[in-house]
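What the coordinates show
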Amino acid sequence: MSKKQRYYILLVICIIIVAIVTLSITLTVTLKEDPKPNVVLIVADDMGMNDIGYYNQHDDIRTPFLDRFSQEGMRLSRYYSHSICTPARAALFTGRYPYRYGMQGSRPIQYGTIAGLPDTEDQILPQVMKEAGYNTFLVGKWHLGYSKTKYLPTR
């Protein structure tokens, strides 16, 4: 594994750790009021199964925080995901095949492109979680549209 690949893997892991710490602080305050289970959803593009320590395939890649989450929580390891971020995120947030929303492209939606997750009567995952009483938080890239306010994750 090259130094550049290791750097990118470490960068992704650091971003995930920052997101987890921020989310756990937010959830700790919330859980004192209402004891719901924590939900932490980590989506990492281009991460291979053997790039995580708890699969014990590489001695040179250590992911102690992810290993702990895996041991103490629920690990979902049988799934299918698109290899490109836009359709993968569209499927995750809507619970439907991305082609139903025109999000099946072979490239991610870039900043400035007039496209995004279309308005629909269907709720997306963050809306469902908010209705269930959860606080939602997003760290990282969105890739479901940037050109209009209605496409942004804060809508």
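Whatever comes next refers back to the structure up there.
Owing to the predicted nature of the structure, the values given are computational and were not obtained by experimental measurement. (Residues numbered from 1 in each chain as written. Predicted model: local features only at pLDDT ≥ 70, side-chain atom pairs only at ≥ 80, totals over all residues. Heavy atoms only, no water.)

On to the overall build of the protein chain. If you tally the helices and strands in the protein chain, you get four helices and zero strands. When the helices and strands of the protein chain are placed in sequence order, the string is α-α-α-α. Evaluated residue by residue, the protein chain yields a buried proportion of 25% over its 155 residues. Within the protein chain, contacts between residues separated by at least 24 positions form 52% of all contacts whose residues are at least 6 apart in sequence. In the structure as shown, the protein chain presents an accessible area of about 11300 Å², 55% of it carried by carbon and sulfur atoms. (Helix = DSSP H or I, 4+ residues; strand = E, 2+ residues; numbered from the N terminus. Buried < 20%, exposed > 50% of the residue type's maximum accessible area, 1.4 Å probe, protein only. Contact = heavy atoms within 4.5 Å. Areas by Shrake-Rupley, 256 points an atom, 1.4 Å probe, with all protein chains shown as cover.)

Bringing helix H2 (residues 64-72) into the picture now. Residues Leu66, Asp67 and Ser70 constitute the buried set of H2. One face of H2 carries all of its buried residues, which in axial projection span an arc of 105°. Every exposed residue of H2 that faces more than 90 degrees away from the buried side is listed here: Pro64, Phe65, Arg68, Gln71 and Glu72. (Arc of directions from axis to C-beta.)

Turning next to the side chain of Thr94. Looking at the element boundaries, Thr94 is found in helix H3 (residues 85-94). On the accessibility criterion, Thr94 (13% relative accessible area) is buried. Polar side-chain contacts of Thr94 include one of 2.6 Å to the backbone oxygen of Ala90. Among the polar contacts listed, one links the side chain of Thr94 to the backbone nitrogen of Arg96, at a separation of 3.2 Å. With sequence-adjacent residues up to four places away left out, Thr94 is seen in contact with Tyr101, Leu117 and Ile124. (Polar contact = N/O pair within 3.5 Å; in protein donor to acceptor, adjacent residues only side chain to side chain.)

Counting residues in each nonpolar core, the largest one holds nine residues, listed as Ala90, Phe93, Tyr101, Met103, Ile109, Leu117, Ile124, Trp142 and Leu144. What Tyr101 contacts, discounting residues up to four positions off in sequence, is Thr94, Arg96, Leu117, Pro118, Thr120 and Asp122. (Core = buried A, V, L, I, M, F, W, Y, C linked by side-chain atoms within 4.5 Å.)

Our next topic: the pattern of salt bridges. As enumerated under the stated definition, the model contains two salt bridges in all. As a salt-bridge pair, Asp122 and Arg96 come within 3.6 Å of each other at their nearest N and O atoms. A residue pair is termed long-range when its members are at least 10 positions apart, and Asp122 in the loop between H3 and helix H4 (125-131) and Arg96 in the loop between H3 and H4 qualify at 26 residues. Residue classification places Arg96 among the partly exposed residues on the basis of a relative accessible area of 29%. (Salt bridge = Lys/Arg side-chain N within 4 Å of Asp/Glu carboxyl O.)

Everything listed here is a matter of geometry and, on its own, says nothing about what the molecule does.
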